[in-house]
Amino acid sequence: MRAFEYRAPTTLSEALKLLAEAKGEVRPLAGGTDLVPQVREGRKRPTMVLDVKRISELRRLEYDPGMGLRLGAAVSCSVIASHPQVRRYFPALAQACALVGSIQIQNRATVGGNICNASPSADTVPPLLCLDARAFIAGGRGQREVALESFFRGPGRTILARDELLVEVVVPPPPKFSAASYMRFIPRSEMDIAVAGVASLVVLDGGRQCQEARIALAAVAPQPSRAPEAEAALQGRPLDAKALEEAGELAAKMAKPITDIRGGAEYRRELVKVLTRRTLEQCLEALKRGPR
Amino acid sequence: MKQPLTFTLNGEERVLYVDTRATLLEAVRDYLGLTGTKEGCGNGNCGACTVWLDGEPAYSCLVLAVEAQGARVMTVEGLAEGGRLDPLQRALIEEGGLQCGFCTPGLLMMARSFLDRHRRPTEREIRGAIAGNLCRCTGYDKIVRAIQRAARGQTPPQAEG
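These numbers were taken from a predicted model, which means no experiment stands behind them. (Residues numbered from 1 in each chain as written. Chains lettered and ligands numbered in written order. Predicted model: local features only at pLDDT ≥ 70, side-chain atom pairs only at ≥ 80, totals over all residues. Heavy atoms only, no water.)

### Regarding the overall build of chain B
- Of the regular secondary structure elements, chain B holds five helices and five strands.
- Reading chain B from its N end, one meets helices and strands in the order β-β-α-β-β-β-α-α-α-α.
- Scaling as 2.2 N^0.38, a compact globule of 161 residues should have a C-alpha radius of gyration of about 15 Å, and chain B matches this with 16 Å.
- Judged by the C-alpha coordinates and their principal axes, chain B covers about 50 × 40 × 25 Å.
- Contacts in chain B between residues far apart in sequence, at least 24 positions, make up 56% of those at least 6 positions apart.
- As displayed, chain B offers around 7300 Å² of accessible surface, 47% of which is attributable to carbon and sulfur atoms.
- Each charge class in chain B was averaged separately, 19 positive and 19 negative side chains, and the resulting centres sit 6 Å apart. (Helix = DSSP H or I, 4+ residues; strand = E, 2+ residues; numbered from the N terminus. Rg over C-alpha atoms; globule rule 2.2 N^0.38 Å. Contact = heavy atoms within 4.5 Å. Areas by Shrake-Rupley, 256 points an atom, 1.4 Å probe, with all protein chains shown as cover. Lys, Arg positive; Asp, Glu negative; His and termini not counted. Charge placed at Lys NZ, Arg CZ, Asp CG, Glu CD.)

### Examining the domain arrangement of chain A
Residue and element names in this part refer to chain A.
- Domain assignment breaks chain A into domain 1 (5-51), domain 2 (56-171) and domain 3 (178-288).
- If you average the C-alpha positions of domain 1 and of domain 2, the two centres end up 18 Å apart.
- Domain 1 puts 16 residues into the contact, and the matching count from domain 2 is 15 residues.
- Applying the counting criterion to the domain 1 and domain 2 interface returns zero salt bridges. (Domains from an automatic or database assignment. Salt bridge = Lys/Arg side-chain N within 4 Å of Asp/Glu carboxyl O.)

### Some words on the pairing of strand β7 (residues 142-147) of chain A
All names here are of chain A.
- Sheet topology note: the strand β6 (residues 134-139)/β7 ladder contains six bridges and is antiparallel. Its bridge partner being in β7, Ala 138 is matched across the sheet by Gln 143.
- Here β6 folds back onto β7, and the loop between the two strands holds two residues. (Pairing = 2+ DSSP bridges.)

### What about the packing of aromatic side chains?
Residue and element names in this part refer to chain A.
- Tallied over the entire structure, the rule returns four aromatic pairs over all chains.
- Here the aromatic rings of Tyr 63 and Phe 90 are separated by 5.8 Å at their centres, their planes lie at 70°, and the arrangement is edge-to-face. Within this pair, whereas Tyr 63 is found in strand β4 (residues 61-64), its partner Phe 90 is found in the loop between α4 (84-89) and α5 (91-97), the two being separated by 27 residues in sequence.
- Residue classification places Phe 90 among the buried positions, given a relative accessible area of 1%.
- Here Phe 185 and Tyr 267 contribute two aromatic rings whose centre-to-centre distance is 6.2 Å and whose plane-to-plane angle is 90°, an arrangement assigned as edge-to-face. Taken as a pair, Phe 185 in strand β11 (residues 178-185) and Tyr 267 in helix α11 (residues 265-289) lie far apart in primary sequence, 82 residues in all.
- Of the residues examined, Phe 185 reaches a relative accessible area of 28% and is grouped as partly exposed. (Phe/Tyr/Trp six-rings, centres within 6.5 Å; stacked < 30°, edge-to-face > 60°. Buried < 20%, exposed > 50% of the residue type's maximum accessible area, 1.4 Å probe, protein only.)

Put into structure tokens, the structure is as follows:
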């Protein structure tokens, strides 16, 4: 393991300055549950590790009924999963945060790190994609914001430039009469990485028909993404068994899974079909219990 | 590259000069000689290295020592007070909740923290809480019984202040 400098700035401007002036490779460190083993096993060889956990902008977790949820990149999954307003307005996100690793992992791991690590199987990403989350990025040349879906470029690759940091993710308030759900399949009951994951969000209109559906897939393509064809197939329809089945088939058709140690491509496609149907069913169940 | 590090370990302030590459696990074991905390997998799967970092269970093999600057760290050595074992330690002995003992220190730190937050847990909750602590000897049943025994000895929720 190569020696590296460790810095833990307390302000965003200090962090951006360190990034801009660094000669070698800088790796931002949030929870460390991905980065520390990557560095120790030599898969990443930074010359500087930039701990972002002491920067207040990255530690923020606030809900505002107008703006929605501001989720700082260095907030831990435990804090998110137990936050009363996250649980109330974004239960699928709370659910996903409580699925990441074990309690020990959730106490350190962050949604910002889960996003920036850009694993195709990141559990916290599909619910955020369904919730139309936006990523706020700061860098040497100012700030920019992008839809979270366009943040990813492939396994382990993001749009972040060398001098940029993910500051926060902003999730707009959930649509009225909507519910969301995230499910993943793993062979064990805990402590595993998704073979496939699907998040769905359903918005019903007054007549109990589907006004809008959003479906996001994980672990079945180089990067997590929405499944627009499956979403479009549900719009304006009553969500009966046939509609759900069709959406599952369209989502499976859109998936581009690979065969690896966790599962075969065909198996993963089948999982997408089943999980799409089940998450949609869960949304309908939640809406029956009491639409927001 | 070395860097100074000040943190509280089991209630005592410690000052170290550590390699930035060292994990918190290495700081505790190799720099400070507290070998109760174990390294199993070294990559965040087995839970043998679980300690409390600012009161929350964490895998010390996934934390850089320098990240603990100013933090409170508690290891298994801090559980027994004045030579008296924690009730959970006694329950593990009474139920035979260990064989080789390698997972025990990490398991104790996870389960103690869980019991502090859940006074009357269900078996399902207990099994969920220790999912990040692998034991290859007991098959978990005796560990679960020990945690249940320790929970029975706790103040019930309604009596909490």
